[in-house]
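If you want the building blocks of each chain, they are given just below.
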2 protein chains.
Amino acid sequence: MKNLLPAPLETLIEQFEKLPGIGKKSAQRLAFAVLRQPEEDARKFAGAIVETRENIRRCKICFNLTDGEICPVCADESRDRGTICVVEDPRYLIAIERTNEYTGLYHVLHGLISPLDGVGPESLYIKELLERVKGGDVREVIVATNANVEGEATSLYIGKLLAPLGVRVSRLAYGLPVGGDLEYADEVTILRAFSGRNLI
Amino acid sequence: MKNLLPAPLETLIEQFEKLPGIGKKSAQRLAFAVLRQPEEDARKFAGAIVETRENIRRCKICFNLTDGEICPVCADESRDRGTICVVEDPRYLIAIERTNEYTGLYHVLHGLISPLDGVGPESLYIKELLERVKGGDVREVIVATNANVEGEATSLYIGKLLAPLGVRVSRLAYGLPVGGDLEYADEVTILRAFSGRNLI
């Protein structure tokens, strides 16, 4: 097929296609939407991409995303410096912050241990976590990884690594989601709900 | 919730959210993907948005998208200038070109008549279609709109408008999709397949 679309539009479609979960058709639809947007929105969009890439780095303490040296959570004096919650990704940090209950600090790994994908502990920020725990007055490390193979492996590794330091290492409870129906829960979730059962 | 994400990233998420079919979660996922992309890809992405907005306009003849004055289809000397295929959107032009069978020209309306959305014939390029048919040696106008209410209304309107000019006005056949199953076809499609039946 000849080039039916002008080159910049083709490039835009290609770039949309490179994003996760966006196929050829969606990319086309999104590119056409950009074309129909008010000029200002499109300019803002392009500007945000450039700025995001240029100005966003990882917090020196917890590796959360920030446009300064230290992220807002680490900079917040009112937070409990004795607790560190370990998350895979800044997205999970946001999810936990949304509950408005957790008042400790975070440590963002930017990945999980996954030998199949060639990701070992050394390519995550696990060494830095060890330094943080050694250096400060941390009482508890809460590992909040997802309940999948990589999440389990990472949590076990961290547990073993921190054990000699005498710090409490805990893990989120896994079980039936609140509002969920036992009938529709998968077997592994049900097993986890059994093994984690509490006295009432 | 406080601003957990750096401002440029928040802006990027907002801009993704403005695109059709992208919700809060998807927008976040896409913005994080941009953050993980190679620098060059992100720069290309931003560049393509700006260029698309700045350099792409509508062909002077058929209103297809182009970065020149006239689109590649209209500029192609080998195409049959006696046939004009009327489409709602450049996406449909691409779909038809993919068949590699149609050799005539196009006319892109950039919308369909839809009184409910306040879109009348005057906000589409229907006047320009009339001029094209009046001005040249057009033998046939093929209306290739979708088989929905707006598509029907637009096709009827164009049919009536062009009737006095003595040009042949036709419409795509609607019926069972090839490879489709009669059992799963909706009633309207089956009705269209019946009324459009051909002798064998």
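These remarks concern the structure in this document. Note that this is a predicted model, so its numbers are computed, not measured.

Re the overall build of chain A
Here is step 1 of the chain: Check the secondary structure of chain A and you find eight helices and six strands.
Here is step 2 of the chain: Computed over its C-alpha atoms, the radius of gyration of chain A comes to 21 Å, more than 25% above the 16 Å expected for a compact globule of 200 residues.
Here is step 3 of the chain: Considering only C-alpha atoms, chain A reaches an extent of 65 × 45 × 35 Å along its principal axes.
Here is step 4 of the chain: A burial count over chain A gives 44% of its 200 residues as buried.
Here is step 5 of the chain: Restricting to contacts in chain A with at least 6 residues of sequence separation, those with at least 24 account for 48%.
Here is step 6 of the chain: When the accessible area of chain A is evaluated, it comes to approximately 11100 Å², of which 54% is carbon and sulfur surface.
Here is step 7 of the chain: Here chain A contributes 25 positively and 29 negatively charged side chains, and the mean placements of these two sets differ by 2 Å.

Notes on the environment of Ile 13 of chain B
Residues and elements named next belong to chain B.
Here is step 1 of the chain: Within the secondary structure, Ile 13 sits in helix 1 (residues 7-17).
Here is step 2 of the chain: Assessed through its relative accessible area of 1%, Ile 13 is described here as buried.
Here is step 3 of the chain: Residues Ile 13 and Phe 32, spaced 19 residues apart in sequence, show a C-alpha to C-alpha distance of 8.7 Å.
Here is step 4 of the chain: Apart from residues lying up to four places away in sequence, Ile 13 is in contact with Leu 5, Lys 24, Ala 27, Gln 28 and Ala 31.

Focus: empty space enclosed by the protein
Here is step 1 of the chain: For the structure shown, the criterion picks out two cavities of 30 Å³ or more.
Here is step 2 of the chain: Where the lining of the largest cavity is concerned, the elements lending two or more residues are helix 3 (39-55) of chain A together with helix 3 (39-55) of chain B.
Here is step 3 of the chain: For the lining of the largest cavity, the element with the highest residue contribution is helix 3 of chain B, accounting for four residues.
Here is step 4 of the chain: Taken as a whole, the second largest cavity holds about 40 Å³ of empty space.
Here is step 5 of the chain: Those elements that provide at least two residues to the lining of the second largest cavity are helix 3 of chain A together with helix 3 of chain B.
Here is step 6 of the chain: If you tally residues by element for the lining of the second largest cavity, the top one is helix 3 of chain A, at four residues.

Some points on the pairing of strand 6 (residues 168-171) of chain A
All names here are of chain A.
Here is step 1 of the chain: Summarising the sheet, strand 5 (residues 140-143) and strand 6 pair through four bridges and their orientation is parallel. Within the sheet, the bridge partner assigned to Glu 140 lies in strand 6 and is Arg 168.
Here is step 2 of the chain: Of the crossover connections in this fold, the one passing from strand 5 over helix 7 (residues 149-162) to the parallel strand 6 is right-handed.

Thresholds applied
- Residues numbered from 1 in each chain as written.
- Chains lettered and ligands numbered in written order.
- Predicted model: local features only at pLDDT ≥ 70, side-chain atom pairs only at ≥ 80, totals over all residues.
- Heavy atoms only, no water.
- Helix = DSSP H or I, 4+ residues; strand = E, 2+ residues; numbered from the N terminus.
- Rg over C-alpha atoms; globule rule 2.2 N^0.38 Å.
- Buried < 20%, exposed > 50% of the residue type's maximum accessible area, 1.4 Å probe, protein only.
- Contact = heavy atoms within 4.5 Å.
- Areas by Shrake-Rupley, 256 points an atom, 1.4 Å probe, with all protein chains shown as cover.
- Lys, Arg positive; Asp, Glu negative; His and termini not counted.
- Charge placed at Lys NZ, Arg CZ, Asp CG, Glu CD.
- 1 Å grid on protein atoms, 1.4 Å probe; cavity = no way out; pocket = protein on both sides within 12 Å on 5 of 7 lines; lining within 4 Å.
- Points joined across faces, edges and corners; volume = space filled by probe spheres on them.
- Pairing = 2+ DSSP bridges.
- Right-handed = clockwise from strand over helix to strand, strands pointing away.

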